[in-house]
Amino acid sequence: MKSHTATLEFLVPSRVGFVHITPLVEAELRKSGIREGLCLVNALHITASVFINDDEQGLLEDYRRWLEGLAPHDPDRWQHNRTGEDNADAHLKRQVMGREVVVAVTEGRLHFGTWERIFYGEFDGRRRKRVLVKIIGE
Amino acid sequence: MKSHTATLEFLVPSRVGFVHITPLVEAELRKSGIREGLCLVNALHITASVFINDDEQGLLEDYRRWLEGLAPHDPDRWQHNRTGEDNADAHLKRQVMGREVVVAVTEGRLHFGTWERIFYGEFDGRRRKRVLVKIIGE
Amino acid sequence: MKSHTATLEFLVPSRVGFVHITPLVEAELRKSGIREGLCLVNALHITASVFINDDEQGLLEDYRRWLEGLAPHDPDRWQHNRTGEDNADAHLKRQVMGREVVVAVTEGRLHFGTWERIFYGEFDGRRRKRVLVKIIGE
């Protein structure tokens, strides 16, 4: 069994934002030399997500507004913010979108449907954050 | 390390629907000959889910109504629908229910609790769609 | 390829509650002797979650209240409860928080960011329930 480990770094200049990262994950898969296996991609932070959906700007704006409705950024609303934080909403938003994706590796490629793309979802940005790529297989 | 790859195909005749797929995944596991490992099952589409929950019709109806409340199918409500689509809600519903499940394989079987069952969740049906089963282990 | 399988048991004395389980998972990883691979941790029940977030009591209380708003515990509200159950809300809450996490194993340790911690999330407690830990790699 082979394994490959890499971290990607992002600095989203706004509080909330989405970054298309499929090409960065594909580059790690090529480096790994793995042909058959599983590829885990996860946020290393608890106020961010990695998820798979459509690379379409209108939809990303829909996610932003929809998540704001489900878990509003309101510094006074949440218990967590009494610790001096103001990012409780980011912890909640990330649970809706998920921490991680696991993607099959088949014949040396990410085994995707036509429109599947990997995104980094930031909910408490304006600082440097990291994503882990771990690939195992052979 | 062994690996096994298969795709399943579904055509749900309504916009939203749920299909119990555990027996189909178990059949792929038997074909694989894998005794210990991990089994990934994911939608190959971004308006559908694979999730694990109870095979009970009342609960599936609860999911349908609850998701409709969280992300209504309203062609005029979402930015994504300005691209000529009407399925923005399906992309949102799928994030709540998730894209994929990872199930342990132990002694040649899906390692499940008593009531765990795998479902394909369709949120933009009436067309042919696919699910990927990828099993690795030995 | 090596694999390691273990189940953890919990009895949360209230209907809803959260248990920090990172040390229990780390203990299983040490027993496994696996240095590079993937670690799956999942609930074996469909009214409970395993998720990764912050070990901060205010935030856990925020999760409890937020989930209660999204999917209220109302025995009369849901179809599933007509089967004699009263826990439909628990099946819904678990979908928001997720069934499982997959964590990378690197150099013999759970490959985590600074604040990542694994939690068992109970939404229908007051009875004994189980979590599965499955580690594969070498």
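As a reminder, the structure under discussion sits directly above these lines.
Definitions and limits used
Along every chain, residues carry numbers that run from 1 in the direction the sequence is written. All chains are assigned letters beginning at A, and all ligands numbers beginning at 1, according to the order in which they are written. Local features in this predicted model are restricted to residues of pLDDT 70 or higher, and side-chain atom pairs are both shown and tallied only at a pLDDT of 80 or more, whereas totals for entire chains, interfaces and linings draw on every residue. Side-chain descriptors were evaluated using all non-hydrogen atoms of the structure, hydrogens and water having been removed beforehand. Strands are runs of DSSP state E lasting at least two residues, helices are runs of H or I lasting at least four, and both sets are numbered from the N terminus onward. Whenever a nitrogen or oxygen atom comes within 3.5 Å of another N or O atom, the pair is scored as a polar contact, on the condition that within protein one atom can donate a hydrogen and the other can accept it, and that pairs from neighbouring residues in sequence are kept only if both atoms are in side chains. In what follows, residue pairs with any heavy atoms lying within 4.5 Å of each other are defined as contacts. The criterion for strand pairing is that DSSP finds at least two bridges linking the strands in question. Helix axes are fitted only over the stretch in contact, all axes being lines through C-alpha atoms; the angle between N-to-C directions runs from 0 to 180 degrees. What counts as buried area is the accessible surface, traced by a 1.4 Å probe, that two parts surrender upon association, with contributions from both included. Each reported salt bridge corresponds to a side-chain nitrogen of Lys or Arg within 4 Å of a carboxyl oxygen of Asp or Glu. Only protein atoms enter the 1 Å grid used here. Points where a 1.4 Å probe fits but cannot escape make up a cavity, open sets with protein on both sides within 12 Å along at least five of seven lines make up a pocket, and a residue lines them when an atom lies within 4 Å of a point. Grid points are joined across faces, edges and corners, and a volume is the space filled by probe spheres set on the points. For this classification, Asp, Glu, Lys and Arg are treated as charged, while Ala, Val, Leu, Ile, Met, Phe, Trp, Tyr, Cys and Pro are nonpolar and the rest, including Gly, are polar. Copies overlap after least-squares fitting; the atoms used are the C-alpha atoms of residues with pLDDT of at least 70 in both.

1. With respect to the side chain of Glu36 of chain A
Logical step 1: Counting through the fold element by element, Glu36 of chain A comes out in the loop between helix 1 (22-32) and strand 3 (37-43).
Logical step 2: A distance of 3.5 Å separates a polar atom in the side chain of Glu36 of chain A from a polar atom in the side chain of Ser3 of chain B.
Logical step 3: Not counting the four nearest positions on each side in its chain, Glu36 of chain A is found in contact with Val105, Thr106, Glu107, Ile136, Gly137 and Glu138 of chain A together with Met1, Ser3, Thr5 and Lys134 of chain B.

2. Some words on the sheet that holds strand 4 (residues 48-53) of chain A
All names here are of chain A.
Logical step 1: In spatial order, the strands read 2-7-4; together these three strands make up an open sheet with antiparallel pairing. Whereas interior strands pair on both sides, the edge strands pair on one side only; in this sheet they are strand 2 (17-20) and strand 4. Shown here is a sheet whose adjacent strand axes are inclined to one another by a mean of 30°, direction ignored.
Logical step 2: Direction of pairing for strand 2 relative to strand 7 (residues 117-122): antiparallel, over a ladder of four bridges. Bridged to Phe18 within strand 7 is Gly121.

3. Quick look at the interface of chain B and chain A
Size of an interface, as often reported, equals the accessible area lost when the parts are brought together.
Logical step 1: Contact residues are listed per partner, giving 27 residues for chain B and 35 residues for chain A.
Logical step 2: Taking both sides of the interface into account, the surface hidden between chain B and chain A amounts to around 2,500 Å²; carbon and sulfur atoms contribute 62%.
Logical step 3: Among the residues of chain B in contact with chain A, Met1, Ile46 and Gln95 of chain B are the three that bury the most area, contributing 25% of the side total.
Logical step 4: For the interface between chain B and chain A, the tally reads two salt bridges.
Logical step 5: Among the salt bridges present, the one from Glu36 of chain A reaches Lys134 of chain B, with a minimum N-O distance of 2.5 Å.
Logical step 6: On the surface where chain B and chain A come into contact, there are 15 residue pairs in polar contact (both at pLDDT 80 or more).
Logical step 7: Contributions of two or more residues to the side of chain B that touches chain A are made by strand 1 (2-11), strand 3 (37-43), helix 3 (88-97), strand 5 (100-106) and strand 8 (128-137) of chain B.

4. Brief notes about empty space enclosed by the protein
Logical step 1: Scanning the entire structure with this criterion turns up two cavities of 30 Å³ or more.
Logical step 2: Computed from the structure, the largest cavity encloses a volume of approximately 520 Å³.
Logical step 3: Gly98 of chain A, Gly98 and Glu100 of chain B together with Gly98 and Glu100 of chain C are the residues nearest the centre of the largest cavity, which is lined by 33 residues in total.
Logical step 4: The class makeup of the residues in the lining of the largest cavity is 18 nonpolar, six polar and nine charged.
Logical step 5: Approximately 50 Å³ is the volume found for the second largest cavity.
Logical step 6: Taken together, Leu70, Gln95 and Val96 of chain A, Leu70, Gln95 and Val96 of chain B together with Leu70, Gln95 and Val96 of chain C form the lining of the second largest cavity.
Logical step 7: Looking at the lining of the second largest cavity, the elements with two or more residues in it are helix 3 (88-97) of chain A, helix 3 of chain B together with helix 3 (88-97) of chain C.
Logical step 8: For the lining of the second largest cavity, the residue count by class is six nonpolar, three polar and no charged.

5. Considering the relation of the copies chain C and chain A
Logical step 1: The transform that puts chain C on chain A rotates by 120° and translates by 0.0 Å along the axis, for an RMSD of 0.0 Å. Overall, the copies show the geometry of a three-fold rotation axis. Using C-alpha coordinates, one finds that chain C approaches the rotation axis most closely at Val96 of chain C, a distance of 3.3 Å.
Logical step 2: Interface residue correspondence from chain C to chain A reaches only 20%, placing this contact among heterologous pairings that use different surfaces.

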